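# Results of the structural survey
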Amino acid sequence: MDDVSDPKQQQLDQYRVDREQGRLTTQQGVRVDSTDDALSVGQRGPTLLEDFHAREKITHFDHERIPERVVHARGAGAYGRFKVYDDRLAQYTAARFLTDPSRETPVFVRFSTVGGSRGSADTVRDVRGFATKFYTAEGNYDLVGNNFPVFFIQDGIKFPDFVHAVKPEPHNEIPQASSAHDTLWDFVGQQAETLHAIMWLMSDRALPRSYRMMQGFGVHTFRFVDAAGRATFVKFHWKPQLGVHSLVWDECQQVAGRDPDFNRRDLWDCIAAGQFPRWQLGVQLVPQEQEFDFDFDLLDATKLIPEEQVPVLPVGEMVLDRNPDNFFAETEQVAFHTANLVPGIDFTDDPLLQLRNFSYLDTQLIRLGGPNFSQLPVNRPVADVRNHQQDGYGQHAIPQGEAAYTINTVGGGCPVVGGDGEFRHHPDRLQGTAIRQRAESFREYYRQPRMFWRSMSEPEADHIVGAFVFELGKVTRPAIREKVLEHLLRIDSDLADRVATGLGATVPDIALGDDDDAPVSPALSQVNTADAGSIATRKIAILAADGADLPGIARVRSWLDEHGAITEIVAPHGGSITGADGQTLPVERPLPTVASVLYDAVLVAGGTGAVETLGSVGPALHFVLEAFKHRKPIGAFGDGESLLRQIGLVAGDAEQARQNGVVATTASGAEVPDRFSELFAELLAAHRVWSRATDAVPA
Ligand code: HDD
């Protein structure tokens, strides 16, 4: 993308305050003489009320907290830019930012977990929020999506019930950021509509390796409206350039303790290092006339349109290239709203969306303390804002003029209503009776969960079974487990059998209809969404010690660096290591401060002395074994291979290495062949070695 000036960043510049220069002042701009000692009567006497600086400082501190988001409390955000490839959407939508390839639209994206509190860990089993604010020239457009294409409920009126069920239980506020407890599964048992999203929640999609490596979905069917008012149904997709990759559950639980900020840190570090994450925006388009051509209802947010049925048309690219300056001011105060639309995009009658359209504005009022939150720097449109809404807490604008109403003559009839480029609601023709009743077309709950299950690769299916066994194993009421097993049986009997076996339970004896009618959608499997080509931004621990083969490290490292990977020297002690050649190399991470779960792969450096040392350090051996257990690529060069043999890992020839994910060469120094690095990178690009047997690994 061109590096053109960014109107949003220019706007934000007016609000940025450089605290790394200047003099300390009060909020009134008065310089203070001391901020260490409050004004008191003598050195040991009482503090004086007249110390306005002390009072102001304490008072401001007392008011620092605002309510955390009722859901999606924990998040991380970044600024970036969006641009369409061409004008191909012009025949469907009047939205200029989606049709004009010469435009670059500034964005702010906030990724989040859903259930946990603001201070909870990143790597929990959960849906991830993927909310994008486009600061378009026609006003702000918010695409408030998730990394699952389907939601847990069909009607927004159930949202408080669902959230109360998944959040910590009300009597003791346990468990934090976990769905593995009775109330969530009780809710699932009673609400078959949750099952499709529950399948996603039990899958690897709920454990993203990185926010940079997950898909995003607008979830609902929205509507594009063209300049002539013609509508087309649309679903939005974000596809990450780096492919879709996940952690494994055992790893997640450990990372939650080792680095609770794992995903947040990953996003921050990569942007800070200039390795900007990118996503392709895609759309699935359905002509209005084809609204009823599907075996589900397009208005039902618990269903997806299989990509094989309606392909995703790639339309543009988003890059995130700037970290916020201040977490609270920007990431915490950003306010998304599904009803922030621009001309060319409109809602459908999806009953989940309709209540979302109420909820977001409402929640910002309590969270951000009044109706002027859209004036906060991160929320400010770059488009002109002019209206007669006035007053309220925190009014920053200074509206001028005598008339604060429309229609006026006093203010010259301004601001003028309408004219050009205004938002017009799609003129739906509506007629009906007020009823509380779910549409019949919403009442099939098992076919798409079955499609999801049957589209999984073997390891993905194993993980789903493991997740159900873990979650239901934590449920204390047998009747709840049984009810969920009944639903699983209706999805697929093999799934139910395997989960029941893991739980030591029996599959309920119920009459079943024919369950063989589910199609398979290869696009749902991560095997098909992993980008097998690139190792960019993958993190590799190079395990080394004093006596290491530093020229060998330099050779492999430069190859990996050149291909965009991130390498870190991990050694038993900090400071630096001295190589066999007497040279020194800085240690980036002392072994006691890290663990293999924080890396994508491990490389054991050669050097006789180093390998002997590492072979006698338990945490170093555990490091390699644990990476092996989590199916990460393991490599060794020079004498490094003997350390692998010590713990029973065998490389073999290239074919065996591919199968087992262990690659080694006896070559050292400048002789380490590129072929070694290439094979290691091949394994790394695939992210995990699913063909490796790991059941007996003692780590
Ligand atoms: Fe929601 C936040 C996504 C259903 C009510 N939601 C929130 C955020 C995301 C989503 C990404 C965090 C935004 C941020 O980073 O600030 N929500 C979804 C998706 C849904 C969904 C993809 C289904 C398709 N949400 C949903 C329903 C309701 C809400 C049905 C209520 C009827 N959501 C909220 C909220 C939140 C929110 C209470 C909490 C904080 C906020 O809005 O700003 O209004």
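Residue positions are given per chain, counted from 1 along the sequence in the order it is written. Only residues with pLDDT of 70 or above have their local features reported here, since the model is predicted, and side-chain atom pairs are shown and tallied only from 80 upward, although totals for entire chains, interfaces and linings are computed over all residues. The basis for the side-chain values is all heavy atoms of the structure; hydrogens and waters are excluded.

### A look at the layout of surface pockets
Cavity and pocket criteria rest on a 1 Å grid covering protein atoms alone: a 1.4 Å probe that fits but cannot get out defines a cavity, protein on both sides within 12 Å along at least 5 of 7 lines defines an open pocket, and an atom within 4 Å of a point defines a lining residue. Grid points are joined across faces, edges and corners, and a volume is the space filled by probe spheres set on the points. The computed volume of the second largest pocket comes to approximately 2000 Å³. Lining the second largest pocket are 42 residues, with Val 17, Arg 19, His 60, Asn 326 and Ala 329 positioned closest to its centre. Only helix H2 (52-62) and helix H8 (327-332) provide two or more residues apiece to the lining of the second largest pocket. Per-element tally for the lining of the second largest pocket: the top contributor is H2, with four residues. Working definition: helices are DSSP H or I runs of at least four residues, strands are E runs of at least two. Numbering for both runs from the N terminus.

### Overview of the UniProt feature "binding site: heme" (unreviewed entry) in the protein chain
UniProt positions are given in the numbering used here, feature names are shortened, and annotations may be inferred rather than shown by experiment. UniProt annotation of "binding site: heme" (unreviewed entry) refers to Arg 69, Arg 110, Phe 159, Arg 356, Tyr 360 and Arg 367 when read in the numbering used here. None of the other annotated residues line the second largest pocket; only Arg 367 do. Position of Arg 356 relative to the elements: it lies in helix H9 (residues 351-367). When its relative accessible area of 16% is taken as the criterion, Arg 356 is described as buried. The contact definition used throughout considers only heavy atoms, calling two residues in contact when any of these lie within 4.5 Å. With residues up to four places along the chain from it excluded, the contact list for Arg 356 reads Val 144, His 220, His 337 and Thr 338. The term polar contact refers here to a pair of N or O atoms within 3.5 Å; inside protein, the definition further demands a hydrogen-donor-capable atom paired with an acceptor-capable atom, and it admits residues adjacent in sequence only when both atoms are side-chain atoms. Polar side-chain contacts of Arg 356 include one of 2.9 Å to the backbone oxygen of Val 144. Mapped onto the elements of the fold, Tyr 360 is located in helix H9. Side chain to side chain, Tyr 360 and Arg 356 meet in a polar contact 2.7 Å long. Partly exposed describes any residue whose relative accessible area lies between the buried limit of under 20% and the exposed limit of over 50%, with all areas from a 1.4 Å probe on protein chains only and scaled to the type maximum.

### Digging into helix H14 (residues 550-562)
The periodicity of an α-helix, 3.6 residues per turn, causes residues three or four positions apart to be oriented the same way. Helix length check: H14, at 13 residues, gives a terminal C-alpha distance of 18 Å against a target of 18 Å (1.5 Å per residue), a fit within 8%. Listed in full, the buried residues belonging to H14 are Leu 550, Gly 552, Ile 553, Val 556, Arg 557, Trp 559 and Leu 560. You can read the cap of H14 off the contacts: a side-chain oxygen lies 2.9 Å from the backbone nitrogen of Gly 552, and it is on Asp 549. Expected span of a helix, by definition, is 1.5 Å for each gap between consecutive residues, and there is one gap fewer than residues.

### Focus on the sheet that holds strand S18 (residues 662-665)
The strands making up a sheet associate through hydrogen bonds between their backbones, and the pairing can be parallel or antiparallel. The pairing criterion for strands is at least two bridges between them, as found by DSSP. Ordered in space as S15-S12-S11-S16-S17-S18, the six strands form an open sheet in which the pairing is parallel. Looking along the sheet, the strands with just one partner apiece sit at the ends: strand S15 (589-590) and S18. Where strand S11 (residues 539-543) and strand S12 (residues 566-571) come together, five bridges link them in parallel fashion. Bridge pairing in S12 places Leu 543 opposite Val 570. In this analysis an axis means a line fitted to C-alpha atoms, helices contributing only their contacting stretch, and an angle means the value between N-to-C directions, from 0 to 180 degrees. Seen against the sheet, helix H19 (residues 674-685) touches S11, strand S16 (601-604), strand S17 (634-637) and S18 and runs at an angle of roughly 170° to S18.

### Some thoughts on the UniProt feature "active site" (unreviewed entry) in the protein chain
The sites that UniProt annotates as "active site" (unreviewed entry) are His 72 and Asn 146. Across 75 residues of sequence, these annotated residues stay compact in space, with a maximum C-alpha separation of 10.4 Å. With residues up to four places along the chain from it excluded, the contact list for His 72 reads Arg 110, Ser 112, Thr 113, Val 114, Gly 129 and Asn 146. Mapped onto the fold, Asn 146 is located in strand S4 (residues 139-146). Ignoring any residue separated from it by four or fewer positions in sequence, one finds Asn 146 in contact with His 72, Val 127, Arg 128, Gly 129, Phe 130, Phe 151, Gln 215, Gly 216, Phe 217 and Val 219.

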